[in-house]
Amino acid sequence: MKKNADYELLDCGGGRKLEKFGEIVIDRPSPAAELVKKKDPELWHGKNAIFFRNKNRPSAWYSADGSLPESWTIEISGIKALLRPAVNGQIGIFPEQIDNWVELKKTIRYARSDLKILNVFGYTGIATLFASSASNDEYKVEVTHVDASKSAVNWAKENATLNGLEGNPVRWIVDDAVSFMEKEIRRERKYDGIILDPPAFGRTKTGKMWSLKKDLPSLFDLVSGLMSANPLFILISCHDRELTHEDLAKELRTMKFAGNGIIKSGNLTLKAENGATLDSGVYAHWMKK
Ligand SMILES: C[S@@+](CC[C@H](N)C(=O)[O-])C[C@H]1O[C@@H](n2cnc3c(N)ncnc32)[C@H](O)[C@@H]1O
């Protein structure tokens, strides 16, 4: 984990993770920590809030001393993120992506050309803002940010304003990712870089269920149809425990331009100072050579 982030994994175990975002320490469920023992049980007493997933009552945040703010801001490698405890236990950021975001910005900067980037399943826009902030006076980076949730897109716009990037060329789209990508193919739009972080399961606009594992090849068909003649990168990640980073890398290798670049893949691993580690998803990254 890069040191210039207001984030720390403090410990994990017993199906939970203890994390520090800025000054706020929270304890949340984490299926990936189910088979692990807490390394430092004492640490867990000092938290500001805990999120419980309940069976018979609504899941909720509890703060014994009322010290969980309604919202607060942290900074990750120069990008500010507005955090807010949500009813599903998320708070507006997936810190396991930090290294990917930092690398993404570098890739875009070093390209030294005008670029069109698509970020689907974009959530609160942190990847979008890392990409957009790589724009400069010489080279224009246009980002299209897509998420099916209107509140996530509004949150992403708030993040853009918080970073003074509200004037940057970003298209904010509330739409189903697959249906948006299909429409973009029909409109013959092309992108130099695509970022995807799809959920494991979903529903199409027409209500049909899809699963990432089953529908991964068709998602990559869409990606392939959207890439420009000289693509720069594809960054895919997911939290689907049925998929390995090799599965993602294998799909990247099927792209007709794969040979013009290199593929890096791995686990999205959070590491605590006390030695605790938490695998929080997988990623694969194709980058032009
Ligand atoms: C894991 S989060 C993405 C996190 C984000 N990439 C990041 O790193 O900040 C998944 C997002 O996908 C969105 N989503 C779920 N199903 C979708 C769909 N069918 N089309 C578009 N977005 C969808 C959710 O609203 C959520 O914001």
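No experiment lies behind these values; they were computed from the predicted model shown. (Residues numbered from 1 in each chain as written. Predicted model: local features only at pLDDT ≥ 70, side-chain atom pairs only at ≥ 80, totals over all residues.)

1. Examining the environment of His239
Just so we agree on the cut-off: Here a helix means four or more residues in a row that DSSP labels H or I, a strand means two or more in a row labelled E, and each is numbered from the N terminus. Here contacts are defined at the residue level, using C-beta atoms placed from the backbone and a cut-off of 7 Å between them.
Mapped onto the fold, His239 is located in the loop between β14 (233-238) and α6 (245-253). Sequence-wise, His239 and Lys213 are 26 residues apart; in three dimensions their C-alpha atoms are separated by 11 Å. Apart from the residues within four sequence positions on either side, His239 is in contact with Ala200 and Gly281.

2. What about the domain arrangement of the chain?
This is how it is decided: Each domain's extent is set by a domain assignment, obtained either automatically or from a database.
Considered domain by domain, the chain is made up of domain 1 (7-83) and domain 2 (95-288). Computed from C-alpha coordinates alone, the two centres of domain 1 and domain 2 are separated by 26 Å. Breaking the side of domain 1 that touches domain 2 down by element, the ones donating at least two residues are β1 (7-13), β6 (72-76) and β7 (79-83).

3. A word on the site of the ligand
So the rule is basically this: Placing the C-beta atom from the backbone, one calls a residue near a molecule or strand if that atom lies within 6 Å of it. Any residue that is not Ala, Val, Leu, Ile, Met, Phe, Trp, Tyr, Cys, Pro, Asp, Glu, Lys or Arg is counted as polar, Gly included; the first ten are nonpolar and the last four charged.
Neighbouring the ligand are 18 residues; Phe121, Tyr123, Ala148, Ala177 and Asp197 lie closest to it. Those elements giving two or more residues to the shell around the ligand turn out to be α2 (126-132) and β9 (141-147). Considered class by class, the residues forming the shell around the ligand number ten nonpolar, five polar and three charged.

4. Structural notes on the sheet that holds strand β4 (residues 49-52)
Condition: When DSSP finds two or more bridges between two strands, those strands count as paired. Axes here refer to lines fitted to C-alpha atoms; in helices the fit is confined to the stretch in contact. Angles between the N-to-C directions go from 0 to 180 degrees.
The five strands are arranged β1-β2-β3-β4-β5 in an open sheet whose pairing can be described as mixed. Unpaired on one side and paired on the other, β1 and β5 (60-62) mark the two borders of the sheet. Adjacent strand axes in the sheet meet at a mean angle of 20° when their direction is disregarded. Bridging between β4 and β5 involves three bridges; their strand directions are antiparallel. By the bridge assignment, Ile50 is partnered in β5 with Tyr62.

5. Thoughts on the environment of Ser135
For clarity, the cut-off: Exposed residues have 12 or fewer other C-beta atoms within 10 Å of their own C-beta, buried residues have 20 or more, and partly exposed residues fall in between, where C-beta atoms are placed from the backbone.
Counting through the fold element by element, Ser135 comes out in the loop between α2 and β9. We classify Ser135 as buried; it has 20 C-beta atoms within 10 Å. Ser135 sits eleven residues away from Thr124 along the chain, and the two C-alpha atoms are 19 Å apart. Residues contacting Ser135, with those up to four places away along its chain left out, are Lys140, Val141 and Asn168.

6. Structural notes on the sheet that holds β14
Strand order in the open sheet made by the seven strands is β10-β9-β8-β11-β14-β16-β15, with mixed pairing throughout. Edge strands, defined here as strands with exactly one partner in the open sheet, are β10 (170-174) and β15 (261-271). For this sheet the average axis-to-axis angle between neighbouring strands, irrespective of direction, equals 15°. In the sheet, β14 pairs with strand β16 (residues 277-288) via six bridges, with the strands oriented antiparallel. The residue bridging Cys238 from the neighbouring strand is Val282, located in β16. In this fold helix α1 (residues 98-111) packs onto β8 (115-120), β9, β14 and β16, with an angle of close to 170° to the strand it touches most, β14.

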